[in-house]
Amino acid sequence: MTRLFVSRDSTALSLGAEQVAKTLQEQASSKGLDIQIVRNGSRGLFWLEPLVEVETTQGRVAYGPVQAEDVAGLLDSGLLEGKEHPLYLGNIEELPYFKNQNRLTFARVGLTDPVSLDDYLAHDGYRGLKNALAMPAADIVKHVTDSGLRGRGGAAFPTGIKWNTVLNAPAEQKYIVCNADEGDSGTFSDRMIMEGDPFVLIEGMTIAGLAVGATQGYIYLRVEYPHAKVALNQAIAAAYQNGYLGENIQGSGKTFHLEVRSGAGAYICGEETSLLESLEGKRGLVRYKPPLPAIVGLFGKPTIVNNVISLASVPVILDKGGEFYKDYGMGRSRGTLPLQLAGNIKHPGLFEAAFGMTLRELLYDYGGGSASGRPIRAVQVGGPLGAYLHEGQFDTPLDYEAFAAISAVLGHGGIVVHDDTVDMADMARYAMEFCVEESCGKCTPCRIGSTRGVEVIDRIVGNIDKDKNTALLRDLCDTMMCGSLCAMGGMTPYPVLSALNHFPEDFGLPAAKA
Amino acid sequence: MQDYQSQKSIVLDILDAHQSMPGNLLPILHGIQDTLGCIPSAAVEDIAKALNLSKAEVHGVISFYHYFRTTPPGKHTIRICRAESCQAMNSKALENHAKQTLGIDFHETTADEHFSLEPVYCLGNCACSPSMTIDGDVYGRVTPEKFDQLIAVCKGAN
């Protein structure tokens, strides 16, 4: 029997992977070929999806991008033996885009069957939990603190400090909440983990539960990710059946329960306090802080709220130790960040790397420049609330502090590329419009400021009192930045002001000095 | 509009099934919309009563979230991504083409009730923009031509 791999990742599916898998199975059956198709996660080289990998004596040989109509030809030319074909790519792990990554969190994604517990165990799964079960809670937290891990959701708060706060908060009930409401444009690493290696998230949450004494976890998943929901629920069921979730985990006497909850299409619910309100069954209105969720969180109890990638990075830290993880990265940005290349880029995909590589390396050496072949003009890093960078800033290293120094954010690692046809006044207007659409409405600067922001930009572009309105826009941005309750209103000025400062000619203003 | 009396027992069953779940309002609303296609306004009273909330509170939650709807959708729901990555790959042309072809704007349903059109802000398919979904299936690198083909397949299936 020959094993073949065709991804079940949403992006692969969006390009026809389902039809490829179906056609492969049908044609192999009609030819009497003995094959088994494993539906793996994606390797993240999305310009090559749908990808077909074949297990041969020379290792896993890849072909791509494969469409259903290519299948017959592939089988005829010796697909099952890994023979040459125009779509032949060789061993995918040898391609520079893959080979030069530091895959710690994504180590198994694309390699294994995402919902097979046996496969997970065979590829170092649950080794972190095994270590954690043998440790006092404070030692687990210490490993996470030592690793230097900072929240990968965007705010970059040190994870160990957050955990320590919850550990020391006395309560009869505590919660672990996974923020799986990845709504930033250009980001898809959470989705890829949940679809491609859901057990690593489950393991990370279980370890978090042991670390702080929480017995119940929730994954708050955005409704736009139906495939992730299926994979998570399949993996959770397998974990329960095999004693990795529930009462008396692996005979340790410890308990951890886990459940997936669906969001309902509100971007603001990616903000941790809105998310908690939503989990409680209410409108996702931002809460005042303090009290911090670590002290008064879900249902009023001490709660860890962490992003998917933060929690999914925990198993490798507990497996190999905090120091191992800390050895990657630069400055105060330790470990790896799964970077996501999207928008107008030739080689879009996921690239997990240690902090410190430059944006330019990523855009050109790996991304291959723009998809349209035109010059790259503006790059938005960190989602819709992230700044637009111009060519002169592409040599900035990917590091939280280096980005902060140029009034930008790394956020969740999403990178959206625009070529020179982009109208940056339009993008600035869109940033305000998005805030109008998604503001929870609790605070005035965000709720009303964004509406006025759209109007002021329209007046600037429409050449009405240009100087006065430009000054007004800056004032408004200042108010939103300083007066908003959360990052929605507080950071919308980042894309707006960066567009205005770096690309003033698009607003009909004098060009910026080089 | 369908008579709520014929749907009431479904709503009551869903309410019953979620009785002891903490933070159960969103799961209940999902359950109702998954089953009935929307959350009938007439159901608000039953939901409020079962959860000991005011009708305003329940209505407030339904109207806060983009995903929930109170009117039945068309046979097929098309969601087109409007976020930055898709814009960088000309999703605006796709939006305009879709609106023109279907003869409706966002949040509307065609007169023959075949299609509803909704905006969506990121499907996590940013590596293959522009993206859209039809009834939950994601499609990447969607050109106006590909849009027409997909619509034709939907119509053929009806």
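Nothing here was measured: the structure is a model prediction, and the numbers come from that model.

Honestly, the overall build of chain B in this entry has me stumped. Any pointers?
Helix and strand counts for chain B stand at seven helices and five strands. In chain B, the order of α-helices and β-strands from amino to carboxyl end is α-α-α-α-β-α-α-β-β-β-β-α. Expressed along its principal axes, the backbone C-alpha trace of chain B runs to roughly 50 × 30 × 25 Å. With 158 residues in all, chain B has 53% of them scored as buried. The long-range fraction of contacts in chain B, counting pairs at least 24 apart against all pairs at least 6 apart in sequence, stands at 59%. Surface exposure of chain B reaches about 7,200 Å², of which carbon and sulfur atoms provide 50%.

Just to check I follow, could you spell out the pairing of strand E4 (residues 59-63) of chain A for this structure?
On a regular strand, one side chain projects to one face of the sheet and the next to the other, so that they alternate. Residues and elements named next belong to chain A. Burial runs high along E4: four of the five residues are buried. Here strand E3 (residues 52-56) runs beside E4; their pairing, made up of five bridges, is antiparallel. In the sheet register, Val54 faces E4, and the bridge partner there is Val61. Linking two consecutive strands that pair antiparallel, namely E3 and E4, is a turn of two residues. Inspection of the sheet shows E4 paired to strand E5 (residues 88-90) by two bridges, in the antiparallel sense. Bridged to Ala62 within E5 is Gly90.

Honestly, the interface of chain A and chain B in this entry has me stumped. Any pointers?
How big an interface is tends to be expressed through the accessible area that disappears when the partners come together. Each partner contributes residues to the interface: chain A has 60 residues there, and chain B has 37 residues. For the pair chain A and chain B, the summed buried surface comes to about 3,600 Å²; carbon and sulfur atoms form 58% of the total. Sorting the residues of chain A by area buried against chain B places A:Ser14, A:Ala264 and A:Tyr430 first, and these three jointly supply 17% of that buried surface. Here chain A and chain B share two salt bridges between them. Ionic pairing is found between A:Asp426 and B:Lys92, a salt bridge with its closest N-O pair at 2.9 Å. One can count 22 residue pairs in polar contact (both at pLDDT 80 or more) joining chain A with chain B. Listing elements by their share of the side of chain A that touches chain B, those giving two or more residues are helix H1 (10-14), strand E7 (216-221), strand E8 (257-262), helix H12 (272-279), strand E12 (336-343), strand E16 (414-419) and helix H18 (424-438) of chain A. Considering every element that reaches the side of chain A that touches chain B, the biggest residue donor is H18(A), with seven residues.

Hey, could you run me through the sheet that holds strand E9 (residues 303-307) of chain A in this one?
In sheet architecture, strand pairing relies on hydrogen bonds along the backbone and comes in two forms, parallel and antiparallel. Residue and element names in this part refer to chain A. Ordered in space as E8-E7-E6-E9, the four strands form an open sheet in which the pairing is parallel. Looking at the sheet topology across the chains shown, the edges are occupied by E8 and E9. Here the strands of the sheet are splayed against their neighbours by 20 degrees on average, with no regard to which way each runs. Bridge count between strand E6 (residues 175-180) and E7: six bridges; the pairing is parallel. The residue bridging Cys178 from the neighbouring strand is Ile219, located in E7. On top of the sheet, helix H10 (residues 198-212) reaches E6, E7, E8 and E9; it is set at about 150 degrees to E6, its chief contact. Sheet contacts for helix H11 (residues 226-241): E7 and E8; angle to E8, the most-contacted strand, approximately 165 degrees.

Conventions we followed
- Residues numbered from 1 in each chain as written.
- Chains lettered and ligands numbered in written order.
- Predicted model: local features only at pLDDT ≥ 70, side-chain atom pairs only at ≥ 80, totals over all residues.
- Heavy atoms only, no water.
- Helix = DSSP H or I, 4+ residues; strand = E, 2+ residues; numbered from the N terminus.
- Buried < 20%, exposed > 50% of the residue type's maximum accessible area, 1.4 Å probe, protein only.
- Contact = heavy atoms within 4.5 Å.
- Areas by Shrake-Rupley, 256 points an atom, 1.4 Å probe, with all protein chains shown as cover.
- Pairing = 2+ DSSP bridges.
- Buried area = accessible area lost by both parts, 1.4 Å probe.
- Salt bridge = Lys/Arg side-chain N within 4 Å of Asp/Glu carboxyl O.
- Polar contact = N/O pair within 3.5 Å; in protein donor to acceptor, adjacent residues only side chain to side chain.
- Axes fitted to C-alpha atoms, helices over the stretch in contact; angles between N-to-C directions.

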